[in-house]
Every structure is written in structure tokens, then in C-alpha cells.
Amino acid sequence: MLALLDNAVLSNFAIVHRADLIRAAIEEVATVPQVLDEFRAGVLISRVPPVDWSWLSVLTLTDEEQGLFEKLALHLNDGEAACLAVAAQRGGRIVTDDRDAREIAAKMRVSVSGTIGLLIRLVGTGVLSVPQADELLGEMISAGYRSPITSLAQIH
């Protein structure tokens, strides 16, 4: 299933210099131009390190998705709105840590995951151990990620 990544998730993995883990966690992954614009803005103000996202598919919104995006953008930032519009129209899922986006996705019956979900998947597939995932999670939290947990041992 196609997974659309928002800027917060990209940023969390960029901050710990492990953008490669996104590919290891999700087989069919993409984003939208609005998310990459948000990411680049973060790089310009040194909030996140530059990352080569050239491997990441960037999907252009169809006319139908653009209409949905415009409605969603009244309540969400452009990146989350665009990801959700594409996920909804193409039968995909959104990977976001944004509470509002997650709530709207649930109402739209769009599958949702986030940074914690990706870390859990990486542990489940043996790419990371729980201590390795916890170390990355701790670094993300130190950099400003508001995680609902402090250790994957709490849920894994």
C-alpha cells in the first residue's frame, strides 16, 4: 500500500541522520511537492540537516486531489493536506505525527502511521533492535519530537 510521508516524519529521520530507515520500513513510499518545500524551508533555517531525497517518489496532485487538498488545507498545513488528499484518492495511507491530520484521516477512513509506527516496523522486521530504536527515538525527542512514548519497550 502506498504510504505518503509528511514533513515531520521526514524531519525526524533526517535529524538522526537515518533517512535510509524510511526505505527499510516502507516498500511503496512517496511524498508530495508541498512536503519537500516544507523540508527545504527547515534546511534553510538549519532546523533539519540537508538530505538527498532523490530516491523518494514525489507525486503531483491530480485535479480531483487538488480539489480535496484545497478543502483539507483549510484545517491542515499544505504538506499534510496534500499527503492526505493523495492517500485518500489513491487508496494509500498517510504517515504523519500531526494530531489534526491523524484525526481527519481517521474520519476519512485513511490508514495512518507515524514515526513510532515506522520504528516499531523496523524493530519487527529486525532492521533495528529495541535499544537501537530507543536510541533514535531519544535523539528525536531531544531534537523536539513530541513522542507519546519514551521507549519502544512500552509497546513492543
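In the block above lies the structure referred to throughout.
Residues numbered from 1 in each chain as written. Predicted model: local features only at pLDDT ≥ 70, side-chain atom pairs only at ≥ 80, totals over all residues. Heavy atoms only, no water.

As a further point, take the overall build of the protein chain. The secondary structure content of the protein chain amounts to eight helices and five strands. Overall, the protein chain shows an N-to-C arrangement of helices and strands of β-α-α-β-α-β-α-α-β-α-β-α-α. At 15 Å, the protein chain has a C-alpha radius of gyration in line with the 15 Å of a compact globule built from 156 residues. Its C-alpha atoms give the protein chain principal-axis dimensions of roughly 45 × 35 × 25 Å. The buried share of the protein chain, taken over its 156 residues, is 47%. Considering only intrachain contacts with a sequence separation of at least 6, the fraction spanning at least 24 residues in the protein chain is 63%. Of the roughly 7,900 Å² of accessible surface on the protein chain, a fraction of 49% belongs to carbon and sulfur atoms. The protein chain carries 13 positive and 20 negative side-chain charges, and their two centres are separated by 4 Å. (Helix = DSSP H or I, 4+ residues; strand = E, 2+ residues; numbered from the N terminus. Rg over C-alpha atoms; globule rule 2.2 N^0.38 Å. Buried < 20%, exposed > 50% of the residue type's maximum accessible area, 1.4 Å probe, protein only. Contact = heavy atoms within 4.5 Å. Areas by Shrake-Rupley, 256 points an atom, 1.4 Å probe, with all protein chains shown as cover. Lys, Arg positive; Asp, Glu negative; His and termini not counted. Charge placed at Lys NZ, Arg CZ, Asp CG, Glu CD.)

By the definition in use, this model includes three salt bridges. With a shortest N-O distance of 3.2 Å, Asp37 and Arg40 are connected by a salt bridge. With Asp37 and Arg40 both in helix 3 (residues 33–44), this residue pair falls three residues apart, about one helical turn. By relative accessible area, Arg40 is classed as partly exposed at 48%. (Salt bridge = Lys/Arg side-chain N within 4 Å of Asp/Glu carboxyl O.)

Here we take up the environment of Arg23. Relative to the assigned elements, Arg23 resides in helix 2 (residues 20–25). Along the sequence, Arg23 and Trp55 sit 32 residues apart, while their C-alpha atoms lie 9.0 Å from each other.

Quick look at the sheet that holds strand 1 (residues 3–5) now. Taking strand neighbours across the sheet as the criterion, the five strands line up as 3-2-1-4-5 in an open arrangement whose pairing is parallel. The open sheet has two free edges, formed respectively by strand 3 (57–58) and strand 5 (111–113), since each of these has just one partner strand. Bridge count for strand 2 (residues 29–31) against strand 3 is two bridges, and the pairing is parallel. Of the residues in strand 3, the one forming a bridge with Thr31 is Val58. (Pairing = 2+ DSSP bridges.)

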